[in-house]
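The chain contents come next:
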Amino acid sequence: MATIGYEISNYAKGNGSISVRLRLTHNKKNKYFSSGIFVSRDDLTKCGKIRNKEIASLISEMVLDYTRRIAECSIEINRCSDVNEVYRIITKEDKLIHRDIDFFDYAQKFMENKESEKTASGYRTMLSSFQTFIKKKTIAFNDITPTVLRSYIDYLDPKRRRSSQYLTLIKSIFNSAIKEYNDEAIVIKNPFSKIDMPKPPVPEKRGLTVEQIRAIANHKSTGKREQFAKEMFLLSFCLVGINAIDLYDCDQIEGDKITYYRHKTRGRRDDNAKMVVAIPPIVKSVVEKHRDNTNKKVFNLHIRYAESGNLNANINKGLKVIGKKLGIENLQMYCARHSWATIAANDCRMDIYTIHKALNHTTSKLKITETYIRENWDWLERANNQVLDYVFGEADINDFLL
């Protein structure tokens, strides 16, 4: 059975006030949350007990109130295995608690709604970093001030990519909480209105030259990992820069066309970032070599690798070996995507809108216009054929499998 008690926080705010925390215990696990009541050092005895009778009375009333709520919801609570579930049950209509809602508790709930494990993993990494920075496991939203965020940016180093990434993730959590709780009053203050968000560093240009792409295609591999990396790289390039995670996930093929929904942006697009790519003759043998005989997905990569991250890491290890042999610095899977776009623009003189669409990018300026246009993917096949004809010409397609 769940029980409720209280304790005095070990941390004092800048003005010297100390939070009185409520302690919820369920299945031998504790959950601490703010009572909304603060005391000063003068309100406490040397042993840390509340000597102020008025404050002590308020706390006692609050403990009794939550004890009553626990009793009223006992049937529902007894089915709960997690103390956080009990917390949500007894505070769901409590406006006072919302005034000091814990950032990390809310972030946990926020992550549970993320479809992608990769996205959730990014949030977990950020939260671990932020927790290390503030040196405690709990902090109220309203205690994350602009000053705290600026110090965190300095801690991360504004010049590093993660400073931009982590602050963007924190902002997403704030935006969600503000939307949920600031219905009639400002319950959660927005600290981001008073700080300059760190700008992400300019992405490294990873587009290869036509000669380098041909060199990779003609490379004679000396090991299985090397050969596999070569085939995946060329498959990505010839399928208009498809990423490893989308090769791993895609499960629709009809005739010579693969349909997939780009993982990176599918949750942010009305069309779920749909792509329909025709398989060019030059890589049909590579496609068939890696087809999934179970028909669960297009490729058998999900059978060979537990997750897409492992696939991408293995490809990049093989490409590192190839790059060293060919003198191509920092050769990675993502270079295939950059290279397709670079060659399309610089060598094939393709217009930027076609490249923009081929990479499955979107812009709010064109969103309304695009809703008027009936979906047709012939343009993508023509664009891809133009790039591949320029790069490979009359190349022997069997070279890819050597």
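Residues numbered from 1 in each chain as written. Predicted model: local features only at pLDDT ≥ 70, side-chain atom pairs only at ≥ 80, totals over all residues. Heavy atoms only, no water.

Peer 1: Pulling in residues and values, what's your account of the overall build of the protein chain?
Peer 2: Regarding its fold elements, the protein chain presents 18 helices and six strands. Counting the 402 residues in the protein chain, one finds 44% classified as buried. Long-range contacts, defined as pairs at least 24 residues apart, comprise 61% of the intrachain contacts of the protein chain with a sequence gap of at least 6. When the accessible area of the protein chain is evaluated, it comes to approximately 22700 Å², of which 49% is carbon and sulfur surface. (Helix = DSSP H or I, 4+ residues; strand = E, 2+ residues; numbered from the N terminus. Buried < 20%, exposed > 50% of the residue type's maximum accessible area, 1.4 Å probe, protein only. Contact = heavy atoms within 4.5 Å. Areas by Shrake-Rupley, 256 points an atom, 1.4 Å probe, with all protein chains shown as cover.)

Peer 1: Talk me through the nonpolar core; I want residue IDs and the actual numbers.
Peer 2: Core analysis: the biggest nonpolar cluster contains 60 residues, and F233, F237 and F392 have the highest contact counts within it. When residues of this core are assigned to their parent elements, the largest contribution, eight residues, is made by helix α10 (residues 224-238). Aside from chain neighbours lying at most four places away, what touches F233 is L208, I213, I216, L319, L331, Q332, M333, C335 and A336. Grouped together as the second largest cluster of nonpolar side chains are 33 residues, I173, I178, Y181 and V187 included. (Core = buried A, V, L, I, M, F, W, Y, C linked by side-chain atoms within 4.5 Å.)

Peer 1: Account for the packing of α10 against helix α14 (residues 308-326), naming residues and giving values.
Peer 2: Look at α10 against α14: their axes get within 8 Å of each other, and the N-to-C directions meet at 100°. The orientation of α10 with respect to α14, classified from their angle, is roughly perpendicular. Mapping the contact onto sequence places R225, E226, F228, A229, K230, M232 and F233 in α10 and L311, N314, I315, K317, G318, L319, V321, I322 and K325 in α14. Looking at side-chain class alone, the contact of α10 with α14 contains nine nonpolar, two polar and five charged residues. (Axes fitted to C-alpha atoms, helices over the stretch in contact; angles between N-to-C directions. Parallel < 35°, antiparallel > 145°, perpendicular 65-115°, else oblique. Nonpolar A, V, L, I, M, F, W, Y, C, P; charged D, E, K, R; others polar.)

Peer 1: Which residues make up the packing of aromatic side chains, and what values do they have?
Peer 2: Tallied over the entire structure, the rule returns 17 aromatic pairs. Pairing F174 with F192 gives two aromatic rings, centres 5.6 Å apart and planes at 75°, and the pair type is edge-to-face. In this pair, F174 is assigned in helix α8 (residues 161-181) and F192 in the loop between α8 and α9 (210-218), connecting sequence segments 18 residues apart. Residue class for F174 comes out buried when judged on its relative accessible area of 0%. For F192, a relative accessible area of 6% corresponds to the buried category. One aromatic cluster is present, built from ring pairs that chain together F103, F104, Y106, F130, F133, F141, Y152, Y155, F174 and F192. Sitting above the plane of the Y32 ring, R21 keeps its charged end 4.3 Å from the centroid. Across from the ring centre of Y87, 4.6 Å away, lies the NZ or CZ of K31, which sits over that ring. (Phe/Tyr/Trp six-rings, centres within 6.5 Å; stacked < 30°, edge-to-face > 60°. Lys NZ or Arg CZ within 6 Å of the ring centre and 35° of its normal.)

Peer 1: Before we move on, could you go through the packing of α10 against helix α18 (residues 378-392) and cite the residues and values that matter?
Peer 2: Their axes nearest at 10 Å, the elements α10 and α18 cross at an angle of 130°. Looking at the two axes, α10 sits oblique to α18. Packed against α10, whose contacting residues are L234, F237 and C238, the element α18 presents N384, V387, L388, V391 and F392 at the interface. Looking at the contact of α10 with α18 residue by residue, the classes come out as seven nonpolar, one polar and no charged.

Peer 1: Report on the environment of Y106, specifying residues and quantitative values.
Peer 2: Of note, Y106 is situated in helix α5 (residues 103-112). With relative accessibility at 4%, the residue Y106 sits in the buried group. Along the chain, Y106 and A177 lie 71 residues apart, while their C-alpha atoms are 7.6 Å from each other. Apart from the residues lying within four places of it in its own chain, the contact partners of Y106 are I101, F141, I173, S176, A177, E180 and Y181.

Peer 1: Provide a residue-level description of the pairing of strand β2 (residues 18-26), including the pertinent values.
Peer 2: The element β2 is largely enclosed, with a buried count of seven among its nine residues. For β2 and strand β3 (residues 29-39), the ladder comprises eight bridges, and the chain directions are antiparallel. Note on β3: the bridge partner recorded for S19 is F38. The hairpin turn running from β2 into β3, its antiparallel successor, is two residues long, and N27 in that turn takes a positive phi close to 55°. (Pairing = 2+ DSSP bridges.)

Peer 1: Explain helix α15 (residues 334-346) to me, using residue names and the numbers behind them.
Peer 2: Its 13 residues place the ends of α15 18 Å apart at the C-alpha level, agreeing with the 18 Å of an ideal helix rising 1.5 Å per residue. C335, A336, R337, S339, W340, A341, I343 and A344 are the residues of α15 that are buried. In the core, the buried residues of α15 are packed alongside α9, α10, α16 (352-358) and α18. (Expected span 1.5 Å × (residues − 1).)

Peer 1: Just give me the short version of the environment of A341, but keep the residues and values in it.
Peer 2: One can find A341 in helix α15. Residue A341 is classed as buried on the basis of its relative accessible area, which comes to 14%. Residues A341 and G241, 100 residues apart in the sequence, show an inter-C-alpha distance of 8.2 Å.

Peer 1: With reference to specific residues and values, describe the sheet that holds strand β6 (residues 274-278).
Peer 2: The strand order across the open sheet formed by three strands is β4-β5-β6, and the pairing between neighbours is antiparallel. Edge positions in the sheet fall to β4 (252-254) and β6, since each of these pairs with one other strand and no more. Between one strand axis and the next, the sheet turns through 20° on average, direction left out of account.

By themselves these figures say nothing about function.
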